[in-house]
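The residues making up each chain are set out below.
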Amino acid sequence: MVNRKILFCEIAGIKYQIEYQYNYIEKMFRDYRIDEDTIQDRNNFMKISYTGEDVKRCSAMYTEKQPEYYIEYTCILDQIASRLPSQNMLLMHGATIEYDGKAYVFTAPSGTGKSTHIALWRKYLGEKVQVINGDKPEVSFDGENVYVHGAPWCGKEGWQINTSAPLAGICLIKQGKENKVERINPGKYIEYFICQFYIGQGNDEILKVIDLFSKMAERVPFYLLTCDISEDAARCSFEAMTGKKWNETIGQNTK
């Protein structure tokens, strides 16, 4: 067996001790690393490792052969994500931005345009928009509040920031010729939304994820956006989710 290295990091308030082999892990976790020399008690770290069986299972997730370093990355994601529900946290599939101190998640089937849509917000709103995570943010619950956190699972664009913000809206994107948005009852779309969260293999894990999703649905507004890739598409989601006027906000950006 190849000797593995150890990396210490903190993601969304949880400290991890990760066993790994490939330098790709160092690259992806660089913004979350903790200097080993500063650690006084390693017992506070959740230990993450993987087996050969984990490698086989994670390799089978892909239709095409992936590099070994990327399979290792997937194994570590799998190990961390599977433990989040027990910490009252979730790993969610969605592109997440922060605007005016609040987070907004855009979710859609792969290739539908969530990354394109948040790029529109960035284009027209400039530095007022930060991408917390471009693919798989972590979600936590604190009393009545829901928070979104940056994480190393950030998609091909590599968009992520090691930061957190209160979640103010979740938007399901659907491609269309007319730009329109409506507030929805997430319960009517539960089959879709549940599939956007990582769920482990056991029934207990499924029930826990459903329970956390129900708490999210009680605290956060959900929207359905039908849109193209124009400025008007960004205006449509922006006004609905923030309650602000697009033209007034854009005007402020140009001053």
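Please read these numbers as outputs of a predicted model, since none were measured by experiment.

Some words on the environment of Ile 229
Consideration 1: By secondary structure assignment, the location of Ile 229 is in the loop between strand S12 (222-227) and helix H7 (231-242).
Consideration 2: Through-space distance from the C-alpha of Ile 229 to that of Gly 111 is 13 Å; in sequence the pair is 118 residues apart.
Consideration 3: Those residues in contact with Ile 229 that sit more than four places away from it in its chain are Thr 116 and Leu 120.

A closer look at helix H4 (residues 114-125)
Consideration 1: If you check H4, its first and last C-alpha atoms are 17 Å apart, about what 12 residues at 1.5 Å a residue would give, namely 16 Å.
Consideration 2: Along H4, the residues that are buried comprise Lys 114, Ser 115, His 117, Ile 118, Leu 120, Trp 121 and Leu 125.
Consideration 3: Following H4 by one or two positions, Gly 126 has its phi on the positive side, about 65°.

A look at the packing of aromatic side chains
Each pair of aromatic rings is reported with the distance of its centres and the angle of its planes.
Consideration 1: Enumeration over the complete set of coordinates arrives at 20 aromatic pairs.
Consideration 2: Relative to Trp 246, the ring of Tyr 124 has its centre 6.0 Å away and its plane inclined at 65°; by these criteria the two rings are edge-to-face. A residue pair is termed long-range when its members are at least 10 positions apart, and Tyr 124 in helix H4 and Trp 246 in helix H8 (residues 246-253) qualify at 122 residues.
Consideration 3: The exposure class assigned to Trp 246 is buried, which follows from its relative accessible area of 1%.
Consideration 4: Positioned over the ring face of Tyr 50 is Arg 4, at 3.8 Å from the centre of the ring.
Consideration 5: Just above the ring of Trp 159 sits the side chain of Arg 122; from NZ or CZ to the centre is 5.2 Å.

Some remarks on the packing of H4 against H7
Consideration 1: Across the interface, H4 lies against H7 with an axial gap of 9 Å and an inter-helix angle of 90°. Regarding the angle of H4 to H7, the classification is roughly perpendicular. In this structure, H4 contributes His 117, Leu 120, Trp 121, Tyr 124 and Leu 125 to the contact, and H7 contributes Glu 231, Ala 233, Ala 234, Ser 237, Phe 238 and Thr 242.
Consideration 2: Grouping the constituent residues of the contact of H4 with H7 by class yields seven nonpolar, three polar and one charged.

Concerning the pattern of salt bridges
Consideration 1: By the definition in use, this model includes 14 salt bridges.
Consideration 2: Measuring nitrogen to oxygen at the nearest pair gives 3.0 Å for the salt bridge that ties Arg 57 to Asp 54. Of this pair, Arg 57 and Asp 54 both sit in helix H2 (residues 52-59), separated by three residues, roughly a single helical turn.
Consideration 3: Across the pair Asp 211 and Lys 215 runs a salt bridge whose closest N-O atoms are separated by 3.8 Å. Of this pair, Asp 211 and Lys 215 both sit in helix H6 (residues 203-219), four residues apart, which is roughly one turn of that helix.
Consideration 4: Given a relative accessible area of 33%, Asp 211 falls into the partly exposed group.
Consideration 5: Among the charged side chains, a salt-bridge network with shared partners connects Asp 54, Arg 57 and Asp 78.

Here we look at the side chain of Ser 237
Consideration 1: Looking at the secondary structure, you find Ser 237 in helix H7.
Consideration 2: With relative accessibility at 0%, the residue Ser 237 sits in the buried group.

Points about H7
Since the α-helix advances by 3.6 residues per turn, residues separated by three or four positions end up pointing in the same direction.
Consideration 1: An ideal rise of 1.5 Å per residue puts 16 Å on 12 residues; H7 measures up with 16 Å between its terminal C-alpha atoms.
Consideration 2: Within the span of H7, buried status applies to Ala 233, Ala 234, Cys 236, Ser 237, Phe 238, Met 241 and Thr 242.

Digging into the nonpolar core
Consideration 1: With 30 residues, the main nonpolar core has Cys 9, Ile 11, Tyr 16, Ile 18, Phe 29, Ile 76 and Trp 153 as its most contacted residues.
Consideration 2: Of all the secondary structure elements, the ones that give two or more residues to this core are strand S1 (5-11), strand S2 (14-20), helix H1 (23-28), strand S3 (46-48), helix H3 (68-83) and strand S4 (89-91).
Consideration 3: Sorting elements by how many residues they give to this core places H3 first, with seven residues.
Consideration 4: Every residue in contact with Trp 153, bar those within four places of it in the chain, is listed here: Phe 29, Tyr 73, Ile 76, Leu 77, Ile 80, Leu 91, Asn 133, Asp 135, Lys 136 and Glu 138.

Thoughts on the pairing of S2
The side chains of a regular strand alternate, residue by residue, between the two faces of the sheet.
Consideration 1: Where burial is concerned, most of S2 is hidden: five out of the seven residues are buried.
Consideration 2: Pairing geometry for S1 and S2, over seven bridges, is antiparallel. Opposite Lys 5, over in S2, you have Tyr 20 as the bridge partner.
Consideration 3: The antiparallel pairing of S1 with S2 creates a hairpin that spans two residues between the two strands, and Ala 12 there sits at a positive phi of about 55°.
Consideration 4: With three bridges joining them, S2 and S3 adopt parallel strand pairing. If you follow Ile 18 over to S3, its bridge partner there is Ile 48.

Cut-offs used in this document
Within each chain, residue numbers correspond to sequence positions counted from 1 in written order. Side-chain atom pairs in this predicted model are given and counted only at pLDDT of 80 or more, local residue features only at pLDDT of at least 70, and totals for whole chains, interfaces and linings cover all residues. Only hydrogens and water are set aside when side-chain values are computed; all heavy atoms of the structure are taken into account. Going along the chain from the N terminus, every DSSP run of H or I of four or more residues is numbered as a helix, and every run of E of two or more is numbered as a strand. By definition, residues are in contact when any of their heavy atoms lie within 4.5 Å. Here the expected span of a helix is defined as 1.5 Å times the quantity of residues minus one. For the exposure calls, accessible area comes from a 1.4 Å probe over protein chains only, and a residue counts as buried if that area is under 20% of its type's maximum, exposed if over 50%, partly exposed in between. Here is the rule: rings of Phe, Tyr and Trp (six-membered ring for Trp) pair when centre to centre is within 6.5 Å. Planes less than 30 degrees apart are stacked, more than 60 are edge-to-face, and the remainder are tilted. Whether a charge sits over a ring comes down to the Lys NZ or Arg CZ being within 6 Å of the ring centre and within 35 degrees of the ring normal. Every axis corresponds to a line fitted to the C-alpha atoms, with the helix fit spanning only the stretch in contact, and the corresponding angles, defined between N-to-C directions, vary from 0 to 180 degrees. Every angle not falling under 35 degrees, over 145, or within 65 to 115 is termed oblique; those three ranges are roughly parallel, roughly antiparallel and roughly perpendicular. Put simply, Ala, Val, Leu, Ile, Met, Phe, Trp, Tyr, Cys and Pro go in the nonpolar bin, Asp, Glu, Lys and Arg in the charged bin, and everything else, Gly too, in the polar bin. We define a salt bridge as a contact between a side-chain nitrogen of Lys or Arg and a carboxyl oxygen of Asp or Glu at a distance within 4 Å. Throughout this description, the term nonpolar core refers to a set of buried Ala, Val, Leu, Ile, Met, Phe, Trp, Tyr and Cys residues connected via side-chain atoms within 4.5 Å. Should DSSP find at least two bridges between two strands, the strands are taken to pair.

Structural measurements only, silent on function.
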